[in-house]
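A structural walkthrough
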Amino acid sequence: MTSEEFKNTVIPFSRKLYPMLFRILKDEEETRDALQDLMVKLWNKRNELQNCSNPSAYIITIAKNHSFDLLKKKRPLRIGEKEEQKIRDLRDEDSGMETRERYSHVRKAIDVLPEKYRTVIQLRDIDGMEFEEISEMTGFEVSYVRVILSRARQKVKEEVEKMYDYDQTRRTVGEIL
C-alpha cells in the first residue's frame, strides 16, 4: 500500500475512531496520543491491511484492542488533581445532578450489555454513525444491525426502568417491614 492509498483509506478513519477511543480511555490527551500511536501501528501493518477483506472492521478491532491495552497498563488508577477538581465541580453543581445521575444509569446499563449490543448502540447512538458504516465495521448486515440496536435499546430501557421503579421498591420495603 502506497502512502497515497494509506492517506485515502486509513486517515479518514481517525475522525470516526476518536469518539470510540475517547469513550474507552476517558481522557482527551491520552486519546490523541492513542490515535497517533494507532496510525503509526496501522502504517506499519499497511501490507496486512491491503490484503484484508474488510479493512474498516480490521481498523476498528485494532483500535479497540489498542485502547484496552492502554487501559490495562494504567490499571492501578489513582485520582489525580484533574479528577479531584472534576469531583469538586460535580459537588458544586447541584442543578444538573439529576441529569448526571440519569446519564450515569444509562451508561452503566450500556456497559453491561453483551459485546455486539454495546458496540452497535455506542456506534449509532453515541458516535452517530450511519447503519451502513456500522455494518461495514462490524461485518453484520444492515438489517441485523437494526435488530441488534433495537434489542440493545430495549435492554437499556429495561435496566434503567429497574433502577427507577420506585413502586416496586415501596412494595419490597412493605414486605420487609
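Keep in mind the model is a prediction, meaning the values are calculated, not measured. (Residues numbered from 1 in each chain as written. Predicted model: local features only at pLDDT ≥ 70, side-chain atom pairs only at ≥ 80, totals over all residues. Heavy atoms only, no water.)

On to the overall build of the protein chain, then. What the protein chain contains, in helices and strands, is 11 helices and 0 strands. Relative to its 177 residues, the protein chain shows a buried fraction of 31%. Long-range pairs, those at least 24 residues apart, make up 61% of the contacts in the protein chain between residues at least 6 apart in sequence. With the model as given, the accessible surface of the protein chain reaches about 12,200 Å², and the carbon-plus-sulfur share is 51%. (Helix = DSSP H or I, 4+ residues; strand = E, 2+ residues; numbered from the N terminus. Buried < 20%, exposed > 50% of the residue type's maximum accessible area, 1.4 Å probe, protein only. Contact = heavy atoms within 4.5 Å. Areas by Shrake-Rupley, 256 points an atom, 1.4 Å probe, with all protein chains shown as cover.)

Moving on, we get to the packing of aromatic side chains. Tallied over the entire structure, the rule returns 3 aromatic pairs. Pairing Phe 6 with Trp 43 gives two aromatic rings, centres 5.1 Å apart and planes at 85°, and the pair type is edge-to-face. In this pair, Phe 6 sits in helix H1 (residues 3-9) while Trp 43 sits in helix H3 (residues 28-44), placing the two residues 37 residues apart along the sequence. Judged by relative accessible area, which is 6%, Phe 6 ranks as buried. Ring geometry for Phe 140 versus Tyr 144: centroids 5.2 Å apart, planes at 85°, classification edge-to-face. Against the face of Trp 43 rests Arg 46, its NZ or CZ located 3.9 Å from the ring centre. Taking the ring centre of Phe 131 as reference, the NZ or CZ of Arg 146 above it sits at 4.0 Å. (Phe/Tyr/Trp six-rings, centres within 6.5 Å; stacked < 30°, edge-to-face > 60°. Lys NZ or Arg CZ within 6 Å of the ring centre and 35° of its normal.)

As a further point, take unusual backbone geometry. Even without a glycine there, the phi angle at Lys 26 is positive, about 60°. Among the structural elements, Lys 26 can be located in the loop between helix H2 (13-25) and H3.

Before going further, it helps to spend a moment on the layout of surface pockets. Volume-wise, the second largest pocket comes out at about 440 Å³. In terms of lining, the second largest pocket is formed by 22 residues, of which the most central are Lys 64, Glu 115, Arg 118, Thr 119 and Gln 122. Counting only elements with at least two residues in the lining of the second largest pocket, the list comes to H2, helix H5 (55-73), helix H7 (97-111), helix H8 (115-126) and helix H9 (131-138). In terms of residue count, H8 provides more of the lining of the second largest pocket than any other element does, 7 residues in total. Class assignment of the residues belonging to the lining of the second largest pocket gives a composition of 10 nonpolar, 4 polar and 8 charged. (1 Å grid on protein atoms, 1.4 Å probe; cavity = no way out; pocket = protein on both sides within 12 Å on 5 of 7 lines; lining within 4 Å. Points joined across faces, edges and corners; volume = space filled by probe spheres on them. Nonpolar A, V, L, I, M, F, W, Y, C, P; charged D, E, K, R; others polar.)

Moving on, we come to the environment of Pro 55. Relative to the assigned elements, Pro 55 resides in helix H5. Sequence-wise, Pro 55 and Val 10 are 45 residues apart; in three dimensions their C-alpha atoms are separated by 8.7 Å.

With 15 residues, H7 should reach 21 Å at 1.5 Å per residue; the first-to-last C-alpha distance of 21 Å fits that figure. Those residues of H7 not exposed but buried are His 105, Arg 107, Ala 109 and Ile 110. Buried residues along H7 sit against H2, H8 and helix H10 (142-163). (Expected span 1.5 Å × (residues − 1).)

On to the packing of H3 against H5. The angle between the axes and the distance between the axes are what describe a pair of packed helices. Orientation of H3 relative to H5, taken along the N-to-C sense of each, is 130°, at an axis distance of 10 Å. Comparing their axes, H5 and H3 come out oblique. Seen from above, H3 lies across H5 with right-handed handedness. Residue-level contacts link Glu 30, Ala 34, Asp 37, Leu 38, Lys 41 and Leu 42 of H3 to Ile 59, Ile 62, Ala 63, His 66 and Leu 70 of H5. Here the residues of the contact of H3 with H5 sort into 7 nonpolar, 1 polar and 3 charged. (Axes fitted to C-alpha atoms, helices over the stretch in contact; angles between N-to-C directions. Parallel < 35°, antiparallel > 145°, perpendicular 65-115°, else oblique. Left-handed = near helix turned anticlockwise from the far one by under 90°.)

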